[in-house]
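# Summary of structural features
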Amino acid sequence: MHDDLPLETAPRRMTTKDAWEWGLGRWEAYFGLVLVSTVIYVLATEPVGRSAVAAAVLLALLPWYLLLGRRLLGHEQAGPMSYVYIGGMVVLSGSAALAAPESSLVLFAASPQCFMLVRWQESLVALILLNAVPATRFLDSDPDAGSIASFVLWTVVVIGFSTFFGIWIERIIAQSTDRRNLIQQLETTRAELAEVSREAGVMAERERMAAEIHDTLAQGFTSILMLLQAADAYVGRAPEEARRQLGLAARTARENLAEARALVAALPPAPLGGSSLDEAVGRLTERIREELGMAADYTLTGEPRRLTARAEVVLLRAAQEGLANVRKHAKADRVEVRLAYAAESVRLEIRDDGVGFSPGTARGFGLLGMRERVGQVGGTLDVRSEPGAGTAVAVEVPA
């Protein structure tokens, strides 16, 4: 049955966490390294008073990041709090730069965060604000030409590096978000396909079971009813014949029970248990002769051999269905069954001299189920009949 899929076929839940989120710890290590390096550099190059103030303000960036920045970084839409966080960075870094110009080194860590939180156009505005205090302080110090050139170069390097690095980060986040959305879509599609496959498997199993029940149990019960009715008709006038009919009904009931057990246990059909296909078809022919008292001839040509399990089941079920139709509908005096083994195929033919029918008007489940079974193994089904001229059914499957 397909109601429960194996664990291997159940859709596995893939992670939808952005690669950027997985790597956030590395960026935090980079930010921490720049911050610590800047504090050490300030303490080593500036007078004690100014360096202590600048270092204290720089270190205030750490709790500011932990309290607010960390939960904002990497989000697709961080919201208004992003501007609050960036404003706090501008104030803290600017205050540190007023106390010690070397504190501007922290911008290598602060500037890329702007691109990680807001659009790149807004990030450029934030860069200008972050560099505004160091620039103002420098211009107020009456610099010479060499200092101005050095400052301009330094500012260009900081802004250029931050812009390049920030846009690169923004692209990583965008690509990571696209990838996450694609994975989510793929997971959804995979789950839908798994459900469709499960439903198709359940439907196919139901159809298979319906065909098996029709070809075995239903036909067996029909045969039992016919035998019991015949026995009832002979009870008063021919006790021996009545007992014979009852014996046949009992045998058919036992065979039906064996078929039911085989279906439940998913075993090969009971008629094939321990015997070959040609022997099973011969027994089916003999049974209809005994049940109906009609002439039933069985002919075997070619060298019998084992076929694939599916091919043997298809031929056996076709023989059961064909003979069941003879029993129920044909009102025939004679039936001929022929099983022919050829080099590349096996052909089963069932002919009767009964009332016949118009194949184009047949709507029964039997012929439809037989056609589907034969098609599943790449075989062919040919039904020829007309009212008053008997019926010929031929099934041929690859061997």
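Notes on the structure in this doc start here.

What counts, and where the lines are drawn
- Residues numbered from 1 in each chain as written.
- Predicted model: local features only at pLDDT ≥ 70, side-chain atom pairs only at ≥ 80, totals over all residues.
- Heavy atoms only, no water.
- Pairing = 2+ DSSP bridges.
- Helix = DSSP H or I, 4+ residues; strand = E, 2+ residues; numbered from the N terminus.
- Axes fitted to C-alpha atoms, helices over the stretch in contact; angles between N-to-C directions.
- Phe/Tyr/Trp six-rings, centres within 6.5 Å; stacked < 30°, edge-to-face > 60°.
- Buried < 20%, exposed > 50% of the residue type's maximum accessible area, 1.4 Å probe, protein only.
- Salt bridge = Lys/Arg side-chain N within 4 Å of Asp/Glu carboxyl O.
- Core = buried A, V, L, I, M, F, W, Y, C linked by side-chain atoms within 4.5 Å.
- Parallel < 35°, antiparallel > 145°, perpendicular 65-115°, else oblique.
- Contact = heavy atoms within 4.5 Å.
- Nonpolar A, V, L, I, M, F, W, Y, C, P; charged D, E, K, R; others polar.
- Expected span 1.5 Å × (residues − 1).
- Arc of directions from axis to C-beta.

## Details of the sheet that holds strand 2 (residues 334-341)
Spatial ordering of the open sheet is given by 1-2-3-5-4, a layout of 5 strands whose pairing is mixed. At either end of the open sheet lies a strand with only one pairing partner, and these are strand 1 (295-301) and strand 4 (380-385). Strand-to-strand, the axes of this sheet are offset by a mean angle of 10 degrees, without reference to chain direction. The pairing of strand 1 with strand 2 spans 7 bridges and is parallel. Bridging from a neighbouring strand, Tyr298 pairs with Val337 of strand 2.

## A word on the packing of aromatic side chains
Under the counting rule described, the total for this entry stands at 3 aromatic pairs. Summarising the aromatic geometry, the rings of Phe31 and Tyr65 are spaced 6.5 Å apart at their centres and angled 75 degrees between planes, so their arrangement reads as edge-to-face. On the criterion of sequence distance, the pair formed by Phe31 in helix 2 (residues 24-45) and Tyr65 in helix 4 (residues 61-72) is long-range, its members being 34 residues apart. With respect to class, Phe31 is no different from Tyr65; both count as buried. Connected via pairs of aromatic rings, a cluster forms that spans Tyr30, Phe31 and Tyr65.

## So, the pattern of salt bridges
For the structure on display, the rule yields 13 salt bridges. Between Arg334 and Asp297 there is a salt bridge, with its nearest N and O atoms 2.2 Å apart. Here Arg334 is found in strand 2, whereas its partner Asp297 is found in strand 1, with 37 residues between them in sequence. Under the relative-accessibility criterion, Arg334 is labelled partly exposed at 36%.

## Things to note about the nonpolar core
Membership of the largest hydrophobic core comes to 34 residues, with the highest contact counts inside it found for Leu58, Leu73, Tyr85, Ile86, Met89 and Leu117. Among the elements of the structure, helix 2, helix 3 (48-59), helix 4, helix 5 (81-99), helix 6 (107-117) and helix 7 (120-139) are those that each provide at least two residues to this core. One finds Met294, Leu316, Val335 and Met370 within the second-largest nonpolar core, a separate group that totals 33 residues.

## Things to note about the packing of helix 10 (residues 277-292) against helix 11 (residues 309-330)
A pair of packed helices is characterised by two quantities: the angle between their axes and the separation of those axes. Here helix 10 crosses helix 11 at 10 degrees, and the two axes come no closer than 10 Å. It follows from the interaxial angle that helix 10 and helix 11 lie roughly parallel. Across the interface between the two elements, Leu277, Ala280, Val281, Leu284, Thr285, Arg287, Ile288, Glu291 and Leu292 of helix 10 pack against Glu312, Leu315, Leu316, Ala319, Gln320, Leu323, Val326 and Arg327 of helix 11. For the contact of helix 10 with helix 11, the residue count by class is 11 nonpolar, 2 polar and 4 charged.

## Observations regarding helix 2
Since there are 3.6 residues in each turn of an α-helix, residues three or four apart along the chain are aligned in direction. Compared with the 32 Å implied by 1.5 Å per residue over 22 residues, the 32 Å span of helix 2 between its first and last C-alpha is a close match. Every buried residue of helix 2 is accounted for by Leu24, Trp27, Glu28, Phe31, Val34, Leu35, Thr38, Val39 and Val42. Projected onto a plane normal to the axis of helix 2, the buried residues spread over an arc of 130 degrees and lie on a single side. With respect to the buried face of helix 2, the exposed residues turned more than 90 degrees away are Arg26, Leu33, Ile40 and Ala44.

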